[in-house]
Amino acid sequence: MRLPIASGAATAAVTLSLYPLFQGGAWFWASLWAIAVVTAVGALAGRYTLPDWLAPLAQVVAVWIYLTVAFTGDKAWAWVVPTRESVAELGRLLVTGFADIQRFAAPVPASTSITMLTCGGVALIAILVDLLASRLRRAALTGLPLLALFTVPAAVITEPIGWHVFIIAALGYLGLLVADGRERVGHWGRAVLVRRTSGLAASRTAARTGSDVGALRLSGKRIGITAVALAVLLPSLLPTLEPDPLFGFGVGGKGRGGNSISIPNPIVNLRGELSLPNDSTVLTYTSSDNRPRYLRMYSLDIFDGQQWTMTGPNGRPEDRTSAGPLPPAPGQGRSVPVTKVTTKITVSDEVKTLKFLPLPYPPGRIDVEGDWRPDRDTLMVFSTEDTAGGLTYTVVSDEPTPTAETLKSSDFVPPSIRERYLQLPGNLPREIRELTSRQTERDASHYEQAVQLQEFFTRKGGFTYSLATQGHDDQALVDFLIRNRAGYCEQFAASMAVMARILGIPARVAIGYTGGSRYGERWKVGVHDSHAWPELYFEGTGWLRFEPTPTGSTGQGSATVPSYSRIRADGTDSDQPSTSPTAGPRGTYMPNGSASNPRDRRPDLDYGGPVVTNEGTPVAVRIGAGVAVMALIALIPAMFRWQVRARRRRSYSRAAAGPAAGSAVPATGAADPPVAVRTGRWEAATTAAWAELDDVLCDYGMSRQPSESPRALAGRLAGQYGFDAEAEAAVTRIATSVERMLFARTPGETGSPHEDLRRVRRALAATVTRGRRIRAVLLPPSTLLRMRRMGGRLLDGFDRLENLRFRRPARRDV
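It should be emphasised that the depicted structure is a prediction, and the values quoted were computed from it without experimental measurement. (Residues numbered from 1 in each chain as written. Predicted model: local features only at pLDDT ≥ 70, side-chain atom pairs only at ≥ 80, totals over all residues. Heavy atoms only, no water.)

K.L.:
Explain the sheet that holds strand β12 (residues 507-513) here, please?
P.N.:
By definition, the strands of a sheet pair up through backbone hydrogen bonds, in either a parallel or an antiparallel sense. The antiparallel open sheet is built from four strands, whose spatial order is β2-β12-β15-β16. Looking at which strands have only one partner, the edges of the open sheet turn out to be β2 (295-300) and β16 (542-545). The mean inter-strand angle of the sheet, taken between neighbouring strand axes irrespective of direction, is 35°. Summarising the sheet, β12 and strand β15 (residues 530-538) pair through seven bridges and their orientation is antiparallel. When the bridges of β15 are listed, Val509 appears paired with Pro534. (Pairing = 2+ DSSP bridges. Helix = DSSP H or I, 4+ residues; strand = E, 2+ residues; numbered from the N terminus. Axes fitted to C-alpha atoms, helices over the stretch in contact; angles between N-to-C directions.)

K.L.:
How do you make sense of the side chain of Thr11 when you look at a structure like this?
P.N.:
Assignment of secondary structure puts Thr11 in helix α1 (residues 2-15). Classification of Thr11 by relative accessible area gives buried; the value is 0%. Beyond its immediate stretch of four places on either side in the chain, Thr11 contacts Ile35, Val122, Ile125, Ala126, Val129, Leu146 and Leu149. (Buried < 20%, exposed > 50% of the residue type's maximum accessible area, 1.4 Å probe, protein only. Contact = heavy atoms within 4.5 Å.)

K.L.:
Help me out: how do you make sense of the packing of α1 against helix α5 (residues 112-135) in this one?
P.N.:
A pair of packed helices can be characterised by two numbers: the angle between their axes and the separation between those axes. Interhelical geometry of α1 versus α5 gives an angle of 145° and a closest axis separation of 9 Å. Relative to α5, the crossing made by α1 is right-handed. Within the contact between the two elements, α1 uses Leu3, Pro4, Ser7, Thr11 and Thr15 and α5 uses Val122, Ile125, Ala126, Val129, Asp130, Ala133, Ser134 and Arg135. Taken together, the residues that form the contact of α1 with α5 break down as seven nonpolar, four polar and two charged. (Left-handed = near helix turned anticlockwise from the far one by under 90°. Nonpolar A, V, L, I, M, F, W, Y, C, P; charged D, E, K, R; others polar.)

K.L.:
Teacher, can you tell me more about a nonpolar patch on the surface here?
P.N.:
Taken together, the side chains of Val629, Leu632, Ile633, Leu635, Ile636, Met639, Ile774, Val777, Leu778, Leu779, Leu784 and Met787 define a hydrophobic patch exposed on the protein surface, amounting to about 1,000 Å² of accessible area. Where the nonpolar patch is concerned, the elements lending two or more residues are α18 (619-634), α19 (636-657), α24 (770-778) and α25 (781-802). Residue classification places Leu635 among the partly exposed residues on the basis of a relative accessible area of 33%. (Patch = residues over 30% accessible without salt bridge, like charges linked within 9 Å, V, L, I, M, F, W, Y side chains within 5 Å. Areas by Shrake-Rupley, 256 points an atom, 1.4 Å probe, with all protein chains shown as cover. Salt bridge = Lys/Arg side-chain N within 4 Å of Asp/Glu carboxyl O.)

K.L.:
Sorry if this is basic, but what is going on with the pairing of β2 here?
P.N.:
Working note: regular strand, side chains alternate between the two faces of the sheet. Counting buried positions along β2 gives six out of six residues, so the element sits mostly inside the fold. Here five bridges tie β2 to β12, and the two strands are oriented antiparallel to one another. Of the residues in β12, the one forming a bridge with Leu300 is Val509.

K.L.:
I tried to follow α5 on my own but got confused; where do I start?
P.N.:
Residue pairs three or four apart in sequence face the same way in an α-helix, which turns once every 3.6 residues. Over its 24 residues, α5 extends 33 Å from the first C-alpha to the last, a length consistent with the 34 Å expected when each residue adds 1.5 Å. Summarising burial for α5: 19 of the 24 residues are buried, a large majority. Positive phi appears at Arg137, one or two residues downstream of α5, with a value of about 55°. (Expected span 1.5 Å × (residues − 1).)

K.L.:
I would appreciate a short explanation of the pairing of β16 in the present structure.
P.N.:
Where β15 lies against β16, four bridges are found, and the strand directions are antiparallel. Looking at the pairing, Phe538 lines up with Gly542 of β16. The loop that links β15 with its antiparallel partner β16 comprises three residues; one of these, Gly540, has a positive phi angle of about 95°.

Structural data, given as structure tokens:
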């Protein structure tokens, strides 16, 4: 029964790694019951010696019955026996679960279909692990299905798996291997616990058994535990060449420093926020002109051929929002007229850990509580100390209102903008470049080409809005633009930004929210208003947003097309703003061209996620920090040795502070001479001094024979190592004190154990090499042996647990 139980425990330990994928704990308890069913059937199969091929089949049937009882019991006969209706319902839940897994982003809601799908998958892993370990006796191969289960979160989410979960999973697998090893030894006979002893008893035990058979088992456990410890510690100590969540970025300098900020990966979370059920308010706002505003949080400027990412923001202390106006918007000149708009925004209290402020672009002045700083290049406003949840703040923005003629004459691109916002990977598919050339006029201005791209996506290209599209690689980009032409705002924004860069137009992708829906005097922005759009650069005007995503009921419901991107037949821009409010359902107001979104979505208000950094901590600093941590770990034995020596020194001091060891006390009879009194403090000090001498000999590589008396040891040390008179007298006093403690009524004359040990230590150190003395200080062998014995006692406890046997009570014949 040991192997089935160990197999179930290992599967349950690895199943814990799935916790980031789900909301709540219903999935875990349902999966745990499924593992228990598989384990129970496996244990019964071993107890009654069923054929190996029959046990997995019995486990599959048992899991089927369990799933029927747990999820479709109302359609089964007597809630247990499967029927045609219950089987059909299980099939429907299976299909729905697969569909929900594709629709939702982690953490997914704990719906019945998803819980059933997870439960069945974990049960199949448990059956496979039990088959390999208990039936085929290939316990090492169980690492493959367990590893497959463990890697599911790594393939779905971007956050690293917690180290504590890794330790639990690794210990579960090691426990399975240990159980398999003991099962194999059990076939030879009953395993006997060999206790590791020291000194003369260990020699006698070794002589009696011929060898310490427990040492091999102990070595295997040490290897396993050491491997797990190194797997957890080394990755955090070794430097890497790419940014990672350990060293984030800060405000000031170039994103380095003591403060760090954790932000989500905008692209990863965008699709999940769009497709989750239930609509929840993220924020509300009012504007001075009573028009909706796109609210931007992130600006993505790096395209690596697979996805858009962002350069980490750089917030200077002098740019704090409390210090006055924000830095000027890049590229915005005085020749273009601007409209000053005041927006008052209130973020919901339910929003958690949001470190970036949703703002209309370009923000000029922000009245907000806390330490918030803008990035000068992108005007993203963030904080390393405060969060946006529950905040109310006012933004004054200077929105440019360029004309078509102004934008047509804005083809000049400054070198700093060109270097950062025109970069494309060298392996960009040729089909995308050719498509861009076909859809735009070669002699047109940058502005005209941008409008032509927008028209291609919204009118001429035959694109449809769909949340079912997945993928970020270059092939997914080709599929979207050339083949299926179906996607959501991420694909539309990313594709138009790439095509704009091909044409020489600086472009980036913005992530934030559309203007939302109007309710009374306020605009409400919900999770379903999460959006991505491209921003294109025009010298003199700055960055302008475009809208390639379909709007209205067939697209992103609250998305709007900016007025400057609409061109009439006469070639002028439309003066009809697309953002004028129109009546919506149930007395609400919606942006023009939008309608109530038919999708029922759920908020993902916990904006935690992987850290996005810019340049990371310098490699030299990372190496220095890793070396410092490793040095501290290496000094643990030395610190432990110092602590033991300090404790013994306190014992000497207490003995000196108490009654003298040999102090005279009058006897009861008048003629009797005074006698010396033995005290517990003196005995403790003598024991500590003898133990310290033993450790000193061990640290310097010298031995003390178990059969040597204290006096014989003192004589051998003085003669073998050439002690001077003071050192010889000191070691003799220590030995005499030990002998009198063991055999005499009175302690006699004693010196200071601390001073005697110091003389003996110096005399012994003078006889060894410098390397031995350094090792005695930094890596004292006495401490290492003591730590080894502690580990041995700990593993002995596991041995005793493994030797437990559950026996049925003997039957009594009456």
